[in-house]
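# Per-entry structural report
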Amino acid sequence: MLRALQQEQVIAYPTEAVFGLGCDPDSENAVNALLALKQRPWQKGLILIAANYEQLKPYVNDSALSDTQRETLFSCWPGPVTWVIPARPETPRWLTGHFDSLAVRVSDHPLVQQLCLQYGKPLVSTSANLSGQEPCRTVAEVRMQFGPSLPVLEGQVGGRLNPSEIRDALTGKQFRQG
């Protein structure tokens, strides 16, 4: 998987609830390939998934958070809550879309943790499904929707039924129920 990521390829991997599609967040080519594969407009923005908060700091404006807001984030992580945090000015538009913020999550799935630690940075993370299709929950479903050439990290999804909850880190407002 590391070689595929280094070669700007899109990969699939298990998360807490469904398989995710991911790539190197710093590669515009890889992100564009992921968006084309997913049939998703860049304007919607993407989620970054990481092994720890330190991996996310190059992308989010940590100084925009109060100590209390940061404590709230950390009380949910690692875990299935995605937080929308103001992005750093240099964070690429291919990640933020038309927003000035970025959705980020520290995963508690052991394979995601291991992959992000080995790669040394977060990954783009969006559910592995074609537009209008159900998200994939098994390797076989990933192969059926995307074909045999997509690199897939073998493993089981966690026991969660729903994708991650999404909340605003500054206001606490819920965007998507988990």
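None of the values given here were measured: they were computed from a predicted structure.

So, about helix α2 (residues 28-38). What sets the pattern is the α-helix's 3.6 residues per turn: residues three or four places apart point alike. When we look at burial in α2, the residues that qualify are A30, V31, L34, L35 and K38. Taken end-on, α2 shows its buried residues confined to a sector of 135 degrees, consistent with a single buried face. The outward face of α2, more than 90 degrees from its buried face, is lined by the exposed residues N29 and A36. For α2, the secondary structure elements touched by its buried residues are β2 (19-22), α5 (93-96) and β6 (123-127). Among the residues trailing α2, Q39 stands out with phi positive, at a value near 60 degrees.

Turning our eyes to something else, we now look at the pattern of salt bridges. Evaluation of the coordinates by the stated rule reveals 10 salt bridges. As a salt-bridge pair, K57 and E54 come within 3.2 Å of each other at their nearest N and O atoms. According to the relative accessible area criterion, E54 is exposed, its value standing at 53%. The salt bridge involving D62 is made with R70; its shortest N-O contact spans 2.9 Å. Put simply, D24, D26 and K121 are held in one network by salt bridges that share partners.

In this section: the UniProt feature "domain: YrdC-like" (unreviewed entry) in the chain. In the numbering adopted here, UniProt assigns the feature "domain: YrdC-like" (unreviewed entry) to residues 1-178. In the segment residues 1-178, helix accounts for 29% and strand for 20%; the C-alpha atoms at its two ends are 28 Å apart.

Conventions we followed
Residues numbered from 1 in each chain as written. Predicted model: local features only at pLDDT ≥ 70, side-chain atom pairs only at ≥ 80, totals over all residues. Heavy atoms only, no water. Buried < 20%, exposed > 50% of the residue type's maximum accessible area, 1.4 Å probe, protein only. Helix = DSSP H or I, 4+ residues; strand = E, 2+ residues; numbered from the N terminus. Arc of directions from axis to C-beta. Contact = heavy atoms within 4.5 Å. Salt bridge = Lys/Arg side-chain N within 4 Å of Asp/Glu carboxyl O. UniProt positions renumbered as here; feature names shortened; annotations may be inferred.

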